[in-house]
Amino acid sequence: MQGQTGAWLLLRVFLLLSTAWISQGVPASDVFSLHPDEQRWLLAHPSVLRRGADPSWPPFEFVDSKGAYAGMCQDYADLVAERLHLTFEVVPSHGWKETLERVRSRDLDVITCLLETSERDSFMAFSQPFTNIPSVIFTRSDYPYLNGLNGLLGKKVAMVKGYAVSDFLTREYPDFVPVLFDTPLQALQAVSLGNADAFVETLAVGVYFIRKQGLANIKVAAPAKVPAVEIRFGIRKDWRPLATIIDRVLETITPQEQTAILQRWVTVEYDPIIDYSLLWKVGGTLSVMLALAGLWIRQVHKQKLALQASEARLISQRNALKQLTDDLEAYSRRIANELNIARETQTVLLPDMATLRAVSNLHGLHVDSRFKPSSELGGDFWWLKSIDENRVAIMMVDFSGHGINAALNTFRLHALLESEKYLEHNPAAYLQGINARLSPLLPAGQYATMFYGVIDLAKDLLTYAGAATTSPLVFPPGLDKPLIGSGEGFPLGMFDDSTYENRELPFSLGASLLLYSDAITEGKTQRGERLGEGGLIDLASKCLRTSQRETLVVALTGKLDEILNQPLADDLTIVCATRSVGVTLPLPGMIDIK
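Definitions and cut-offs
- Residues numbered from 1 in each chain as written.
- Predicted model: local features only at pLDDT ≥ 70, side-chain atom pairs only at ≥ 80, totals over all residues.
- Heavy atoms only, no water.
- Helix = DSSP H or I, 4+ residues; strand = E, 2+ residues; numbered from the N terminus.
- Buried < 20%, exposed > 50% of the residue type's maximum accessible area, 1.4 Å probe, protein only.
- Contact = heavy atoms within 4.5 Å.
- Areas by Shrake-Rupley, 256 points an atom, 1.4 Å probe, with all protein chains shown as cover.
- Pairing = 2+ DSSP bridges.
- Axes fitted to C-alpha atoms, helices over the stretch in contact; angles between N-to-C directions.
- pLDDT = per-residue confidence, 0-100.
- Disulfide = S-S within 2.5 Å.
- Polar contact = N/O pair within 3.5 Å; in protein donor to acceptor, adjacent residues only side chain to side chain.
- Parallel < 35°, antiparallel > 145°, perpendicular 65-115°, else oblique.
- Left-handed = near helix turned anticlockwise from the far one by under 90°.
- Nonpolar A, V, L, I, M, F, W, Y, C, P; charged D, E, K, R; others polar.

**Description of the overall build of the protein**
Next up, step 1: For the protein, the helix and strand inventory stands at 17 helices and 24 strands.
Next up, step 2: Taken across its 594 residues, the protein has 51% of its residues classed as buried.
Next up, step 3: Considering only contacts in the protein between residues 6 or more positions apart, those separated by 24 or more positions represent 72%.
Next up, step 4: Per element, the accessible surface of the protein, about 28200 Å² overall, is 56% carbon and sulfur.

Right under this line is the structure:
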């Protein structure tokens, strides 16, 4: 027995050393190094780790039809276990709350799929997030219009015991009437049966259960302003070094591996549904009507009673046809309402007021915008993030096409933004990384134009890269004529291996950066002429001569509404970032979804 123990220890030493030093020629996903103290830590602890798991949170984590754990989190857990030569052994429990308590008591070592909260920080250490998904509010299809969580005050809200979002809702919305369940499926079923008014969950989990369980009377009612659902590994707190080791492994996961996992579990498909039964009813009714009409014509000359009977039958069929017509009109209105809700849900991707206020307070950077989708769902969005105390990242994206596909593409890209976080200070490298991840996800012929820039307040400099985007315009302080940047570069999704170039423009105190979608420059004036880049610059210059820079977007959009034919053929987006001498809060009315 002692000899077997020694042999196993030598094998673990060999495996750890082979992990720490990889020779040339092996896949890039296996190349990473462990510090000597990290190697010693792994050798000093068991190679089989007791793992807690949630068996009912698909597509992140669930038990499949064969009784095995599956899902996105399982795929990441398998990669980490393989590269560290560890085994994650699932220890079943009677509920998620019990699983958390067993980590607190150190009966479990690791949970591979959960969110970080302040309460959990007291007894767990966490890895960096490996994915994040937006949350939405699910209600019944016949539920009245809902503009957000505040519309549920005093209502029954389904919640899952022990889930982080349940703790948040209970704390921040004490007027909710919580209805507790053990699993998300039970919560959705309660909404479907009318035992609860709403349920807050990630878009991926909700759509999975709605499709798998046939919950046809459930809809996405509105975005849910809750903390980001960032999925992490959680480790018992006395094993904190393991969290750092897992972070090293997560950094080695290639874009191809992450894309494969994302496509397998999170990619949302759109399947148009045609109610053939309704069409058959209409067609059948029309056929019966024609037959009755023919019979009536043939029998009219025979007897008056037969005519009266035919007339009665015709009236009955006409009423049935009217009822079916009313049903078709109601169906059309419901589809239009669902598309409107989908447009509103898409606005969850845009920076909220809290983000704009934080950037204004920290950097003195005033950001104002206008976003107006075309008549269909939009393919535009923009993004803002504070990198550190001196740098701010700003982005604008325009996907080709309109409608459902373009809208889904914006969600796909938004889910990838954090995946290249370590490159966010380098615009060209950041675009290259995003392009490598996005290209395999886009259907053939679809692509996106993108501007990504970093404003360095300490250097008075804008460093940016473009992917076939419109030219960025920088108005120096005190001047109404801009410095015109270049948006040249291959569109995202056109080639997997596209590279991009960093460019620079001065951006001192008082300067303004104007970004805009091509719906403006391609728009036609009332004289039938294309406005073009020159026309936009002239309009912006006139506005600057009569307005403050912080109100440029308001003044410019007012002028555009006057001179351009409406509605525009494409989505309209305008973003203006100004280095204000004083701190100015963002103006209201940044989003127009009418």
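**Notes on the sheet that holds strand S15 (residues 365-372)**
Next up, step 1: Overall, antiparallel pairing links the five strands, which are arranged S15-S24-S23-S20-S21 in an open sheet. With one partner strand each, in any of the chains shown, S15 and strand S21 (483-484) form the two edges of the open sheet.
Next up, step 2: Here helix H16 (residues 532-546) sits on the sheet and contacts strand S20 (473-475), S21 and strand S23 (512-516); the angle it forms with S20, its principal contact strand, is near 25 degrees.

**Section: unusual backbone geometry**
Of all residues except glycine, most have a negative phi; of all peptide bonds, most are trans.
Next up, step 1: Cis rather than trans, the peptide bond between Pro 58 and Pro 59 has omega equal to 0 degrees.
Next up, step 2: In this structure, Asp 460 takes a positive phi of about 55 degrees despite not being glycine.
Next up, step 3: Structurally, Asp 460 can be placed in the loop between strand S18 (448-456) and strand S19 (461-467).

**Section: the confidence of the model for the protein**
Next up, step 1: On average, residues of the protein carry a pLDDT of 82, and 82% of them reach 70 or more.
Next up, step 2: Every residue in residues 1-30 scores below 50 in pLDDT, and together they form 31 contacts with partners more than four places removed in sequence or on other chains.
Next up, step 3: Across residues 583-594, confidence stays below pLDDT 50; counting only partners more than four residues off in sequence or on other chains, it has 38 contacts.

**Some words on the state of the cysteines**
Next up, step 1: Summed over the entire model, instances satisfying the criterion amount to one disulfide.
Next up, step 2: Disulfide pairing places Cys 73 opposite Cys 113 at an S-S distance of 2.1 Å. Residues Cys 73 and Cys 113 are joined by a disulfide whose S-S torsion is about 40 degrees; by sign, that bridge is right-handed. Separated by 40 residues along the polypeptide, Cys 73 in helix H3 (residues 72-84) and Cys 113 in strand S6 (residues 110-114) bring together distant segments of the chain.

**Brief notes about the sheet that holds strand S3 (residues 61-63)**
Next up, step 1: On the basis of which strands lie adjacent, the open sheet formed by three strands has the order S2-S3-S4 and antiparallel pairing. The outermost strands of the open sheet, each flanked by one partner alone, are strand S2 (56-57) and strand S4 (69-70).
Next up, step 2: Where S2 meets S3, two bridges bridge the pair, whose relative direction is antiparallel. Bridged to Ser 56 within S3 is Phe 62.

**Observations concerning the side chain of Asn 435**
Next up, step 1: Inspection of the secondary structure assignment puts Asn 435 in helix H14 (residues 427-438).
Next up, step 2: A polar atom in the side chain of Asn 435 sits 2.7 Å from the backbone oxygen of Phe 495.
Next up, step 3: Ignoring sequence-local partners within four residues, the contact set of Asn 435 consists of Pro 491, Leu 492, Gly 493, Met 494, Phe 495, Asp 496, Asp 497, Ser 498 and Tyr 500.

**Brief notes about the packing of H3 against helix H9 (residues 255-265)**
Next up, step 1: In contact at an axis separation of 9 Å, H3 and H9 are set at 150 degrees when each is read in the N-to-C sense. Judged on the interaxial angle alone, H9 and H3 are roughly antiparallel. Seen from above, H3 lies across H9 with right-handed handedness. Contacts from Met 72, Asp 75, Tyr 76, Leu 79 and Arg 83 of H3 reach H9 at Glu 257, Gln 258, Ile 261, Arg 264 and Trp 265.
Next up, step 2: The residue makeup of the contact of H3 with H9, split by class, is five nonpolar, one polar and four charged.

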